[in-house]
Amino acid sequence: MAKKQKSIAELEKRLAALEKENKELKLDRGLLSSLLEHIPENVYFKDRESKFVRISKAFSDYMGFKKPDDIIGKTDFDLFDEEHARPAFEDEQKIMKTGKPLQKEEKEVYTDGSEKWVETTKVPRYDEKGKIVGTFGISRDITGKKLWEMEREKKLAAQREELIELSTPVIDVWEGVLTVPILGS
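Because the structure is a prediction, the values reported are computed rather than measured. (Residues numbered from 1 in each chain as written. Predicted model: local features only at pLDDT ≥ 70, side-chain atom pairs only at ≥ 80, totals over all residues. Heavy atoms only, no water.)

**Overview of the pairing of strand β5 (residues 132-141)**
Then, in step 1: As judged from the six bridges shared by strand β1 (residues 42-47) and β5, these two strands associate in the antiparallel manner. By the bridge assignment, N42 is partnered in β5 with S139.
Then, in step 2: Inspection of the sheet shows strand β4 (residues 115-126) paired to β5 by nine bridges, in the antiparallel sense. For V118, the partnering residue across the bridge sits in β5 and is D141.
Then, in step 3: Between the antiparallel neighbours β4 and β5 lie five residues, among them G130 with a positive phi of about 90 degrees. (Pairing = 2+ DSSP bridges. Helix = DSSP H or I, 4+ residues; strand = E, 2+ residues; numbered from the N terminus.)

**Some points on helix α4 (residues 82-98)**
Then, in step 1: The terminal C-alpha atoms of α4, which comprises 17 residues, lie 24 Å apart, in line with the 24 Å expected from a rise of 1.5 Å per residue.
Then, in step 2: Those residues of α4 that sit buried are H84, A85, A88, D91, E92, I95 and M96. The buried side chains of α4 occupy one side of the element, clustering within an arc of 130 degrees when seen end-on. Of the residues in α4, the exposed ones pointing more than 90 degrees away from the buried face are K94 and K97.
Then, in step 3: Its buried side turned inward, α4 meets β1, α3 (76-79), β3 (102-109), β4 and β5.
Then, in step 4: Backbone nitrogen of E83 and a side-chain oxygen of the N-cap are separated by 3.0 Å at the start of α4; the cap is D81.
Then, in step 5: Directly beyond the C-terminal end of α4, a positive phi value near 80 degrees is found at G99. (Expected span 1.5 Å × (residues − 1). Buried < 20%, exposed > 50% of the residue type's maximum accessible area, 1.4 Å probe, protein only. Arc of directions from axis to C-beta. Contact = heavy atoms within 4.5 Å. Polar contact = N/O pair within 3.5 Å; in protein donor to acceptor, adjacent residues only side chain to side chain.)

**A short note on the environment of P68**
Then, in step 1: Tracing the backbone shows P68 in the loop between α2 (57-62) and α3.
Then, in step 2: For the pair formed by P68 and M96, sequence separation is 28 residues and the distance between their alpha carbons is 24 Å.
Then, in step 3: The contacts of P68, once residues within four sequence positions are left out, are I55, S56, K57 and S60.

**Some points on a nonpolar patch on the surface**
Then, in step 1: A grouping of I171, V173 and W174 is seen on the molecular surface, where their side chains present a nonpolar patch of about 330 Å² in accessible area.
Then, in step 2: For W174, the location among the structural elements is in strand β6 (residues 171-174).
Then, in step 3: You can call W174 exposed: its relative accessible area is 56%. (Patch = residues over 30% accessible without salt bridge, like charges linked within 9 Å, V, L, I, M, F, W, Y side chains within 5 Å. Areas by Shrake-Rupley, 256 points an atom, 1.4 Å probe, with all protein chains shown as cover. Salt bridge = Lys/Arg side-chain N within 4 Å of Asp/Glu carboxyl O.)

**Things to note about the pairing of β1**
Then, in step 1: Of all six residues that make up β1, six are buried, and the element is covered over most of its length.
Then, in step 2: Neither face of β1 is left uncovered, since the one carrying N42, Y44 and K46 and the one carrying V43, F45 and D47 both have all their residues buried.
Then, in step 3: Looking at chain direction, β1 and strand β2 (residues 52-55) are connected through three bridges and run antiparallel. Within β2, the position partnered with F45 by the bridge is R54.

Written as structure tokens, this is what we have:
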């Protein structure tokens with residue numbers, strides 16, 4: 001009888017632990033779903049072959065799909081031009097090999113030839129045993145910022161050129177006659 005009571009007590013203890021674990025899993029799932037539904041950044045999870053396994057609603061919208069499930073199973077090669085897809089794939093393979101995260105600004109080139117700039121963070125994705133099973137990434141569209149920076153650089157280059165031209169001394173010898181030094185032979 002004591003043995004039977006001990007078994008029941010152990011089962012009740014195990015059941016309580018499983019109920020607690022189930023409650024925590026439901027909370028985690030709810031938090032992840034809420035994040036993926038409402039975060040404005042492009043969030044994505046990929047497997048070892050760099051296929052999308054879960055994405056945010058913002059990423060689905062950004063890519064022009066009606067719902068996130070429409071991208072599941074696809075790779076960057078299905079969504080982007082080779083110019084962007086190949087380096088992205090190679091980055092992810094390196095992350096999975098080394099376990100080291102990556103942050104960078106990158107130009108995305110789409111299959112229709114259009115381009116956007118993003119700031120991207122990619123990290124390894126681990127299973128419950130600590131084995132790398134894919135990647136996880138967040139990208140933010142910075143096209144407006146990048147275009148502004150490139151335009152600013154053009155203007156600065158033009159101003160530098162103008163300053164060089166203006167830095168050549170011009171000497172007014174008498175009315176209507178100027179002299180300019182000649183450099184070189």
